Amino acid sequence: MFKDRGNPCGLFNVSHIIVMIVCLLLVSFLLYMSKGLTKDKIKKISKITIIIITILELIKISYNFIYGYYSLTYWAPISYCAIFILAMYFAAFGNEKLSLVGSSFISCAFLPGLLFIIFPLTSLTEVPIYHYLSIYSFIYHSAMLYFGILYTLKVIEKVNNMTFIYHGMLVCFFFFIATLLNSLFDINLMFVSEVVNIPIDFVYKFLISIKGLYTPLIVLIHLFFPYLFAYLLSSIKNKRTSYLK
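Residues numbered from 1 in each chain as written. Predicted model: local features only at pLDDT ≥ 70, side-chain atom pairs only at ≥ 80, totals over all residues. Heavy atoms only, no water.

Scanning all chains against the criterion turns up 17 aromatic pairs. Judged by centre distance (6.0 Å) and plane angle (10°), the ring pair of Tyr132 and Tyr136 falls under stacked. Of this pair, Tyr132 and Tyr136 both sit in helix 7 (residues 132–154), four residues apart, which is roughly one turn of that helix. Classification of Tyr132 as buried rests on a relative accessible area of 6%. Following the ring pairs from residue to residue traces out a cluster consisting of Phe84, Tyr132, Tyr136 and Tyr140. (Phe/Tyr/Trp six-rings, centres within 6.5 Å; stacked < 30°, edge-to-face > 60°. Helix = DSSP H or I, 4+ residues; strand = E, 2+ residues; numbered from the N terminus. Buried < 20%, exposed > 50% of the residue type's maximum accessible area, 1.4 Å probe, protein only.)

Next up, the structure:
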């Protein structure tokens, strides 16, 4: 579990599919059990959860240092999904304004969480399924999926333009930091500087073909797609609420 990386598990084999199903069932169960939660209770749960995630993240960083993976690529919490940590701190411990900023990002986080569980490109392509880095990744992104849906349904009254702005502020800030570090250290944080080797051939070839448009396209995808799905979920919730009144 805590040994060096070892043989990668790979994608869409029996192990991956079992873990994927377990994660989705667990998130579904937690959402069902959360139907009666108030905003105050959700905030308390968020505080406990983000402290646990922080400890697990520090273990991940320590692991990489112990085995000599010093490059920022391996340990720095600078990615779209890593913004979830900062957003959770804002939502759980921040003042009213910061809490709204954090909650706005979290409400958009369920799509990236779900996509990672289905396509764990930065996990199962590098480590075995039983490895700490793999287990932590699935726990982390399951938390993104759970809290993303929970905040959209029970914390954010309505996903609107301000949700997009607050979500976009954090995304753009992290992309700025990633681009700066990429240029300084010749790395590819947030996959913003060069095309990652995606195991879907036509997508990979398309991204290679657009050349200079790749970076702005990646930024726009991260800005709009998570927000769009949060907006759709919020709209469905509000229409159902109006119908039941």
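Having seen it, we continue.
Position of Val127 among the secondary structure elements: in the loop between helix 6 (110–118) and helix 7. Taking the relative accessible area as the measure of exposure, Val127 reaches 1% and is therefore buried. Along the chain, Val127 and Leu217 lie 90 residues apart, while their C-alpha atoms are 29 Å from each other. With near-sequence residues (within four places) excluded, Val127 lies in contact with Arg5, Asn7, Pro8, Cys9, Leu133 and Ser134. (Contact = heavy atoms within 4.5 Å.)

Turning our attention to a positive patch on the surface. Positive charge collects at one region of the surface, where Lys41, Lys43, Lys44 and Lys47 lie side by side. With respect to the helices and strands, the residue Lys44 is situated in helix 2 (residues 39–66). Taking the relative accessible area as the measure of exposure, Lys44 reaches 54% and is therefore exposed. (Patch = residues over 30% accessible without salt bridge, like charges linked within 9 Å, V, L, I, M, F, W, Y side chains within 5 Å. Areas by Shrake-Rupley, 256 points an atom, 1.4 Å probe, with all protein chains shown as cover. Salt bridge = Lys/Arg side-chain N within 4 Å of Asp/Glu carboxyl O. Lys, Arg positive; Asp, Glu negative; His and termini not counted. Charge placed at Lys NZ, Arg CZ, Asp CG, Glu CD.)

Once that is clear, we can look at unusual backbone geometry. If you check the backbone angles, Asp186 has positive phi at about 55° while not being a glycine. Mapped onto the elements of the fold, Asp186 is located in the loop between helix 8 (161–185) and helix 9 (201–210). For Phe191, which is not a glycine, the phi torsion comes out positive at approximately 55°. Its place among the elements puts Phe191 in the loop between helix 8 and helix 9.

The subject of this paragraph is the nonpolar core. In this structure, Phe84, Phe105 and Phe147 are the most contacted members of the largest nonpolar core, which totals 69 residues. If you tally residues by element for this core, the top one is helix 7, at 13 residues. When neighbours within four sequence positions are excluded, Phe84 is seen to be in contact with Ile53, Phe105, Ile106, Ala109, Tyr140, Ala143, Met144 and Phe147. (Core = buried A, V, L, I, M, F, W, Y, C linked by side-chain atoms within 4.5 Å.)

So, on to a nonpolar patch on the surface. Together, Leu220, Ile221, Phe224, Phe225, Leu228, Phe229, Tyr231 and Leu232 give the surface a local cluster of nonpolar side chains, amounting to about 700 Å² of exposed area. For Leu220, a relative accessible area of 44% gives the class partly exposed.

To continue, consider the side chain of Ser234. Considering the arrangement of structural elements, one finds Ser234 in helix 10 (residues 214–244). Once you skip the residues sitting within four places of it in the chain, Ser234 turns out to touch Thr152, Lys158 and Val159.

Next up on the list: the packing of helix 1 (residues 14–33) against helix 6. Packing of helix 1 against helix 6 brings their axes to within 9 Å, and their N-to-C directions diverge by 150°. Between helix 1 and helix 6, the angle is such that the two are roughly antiparallel. In this structure, helix 1 contributes His16, Met20, Cys23 and Leu24 to the contact, and helix 6 contributes Leu114, Ile117 and Ile118. (Axes fitted to C-alpha atoms, helices over the stretch in contact; angles between N-to-C directions. Parallel < 35°, antiparallel > 145°, perpendicular 65-115°, else oblique.)

On to the side chain of Ser34, then. Here Ser34 shows up in the loop between helix 1 and helix 2. Looking at Ser34, its side chain comes within polar contact range of the main-chain oxygen of Leu30, at 2.5 Å. (Polar contact = N/O pair within 3.5 Å; in protein donor to acceptor, adjacent residues only side chain to side chain.)

The computed volume of the largest pocket comes to approximately 1900 Å³. The wall of the largest pocket is formed by 50 residues, among which Phe116, Phe119, Leu121, Thr122 and Phe191 lie closest to the centre. In terms of residue count, helix 10 provides more of the lining of the largest pocket than any other element does, seven residues in total. For the lining of the largest pocket, the residue count by class is 35 nonpolar, 11 polar and four charged. (1 Å grid on protein atoms, 1.4 Å probe; cavity = no way out; pocket = protein on both sides within 12 Å on 5 of 7 lines; lining within 4 Å. Points joined across faces, edges and corners; volume = space filled by probe spheres on them. Nonpolar A, V, L, I, M, F, W, Y, C, P; charged D, E, K, R; others polar.)

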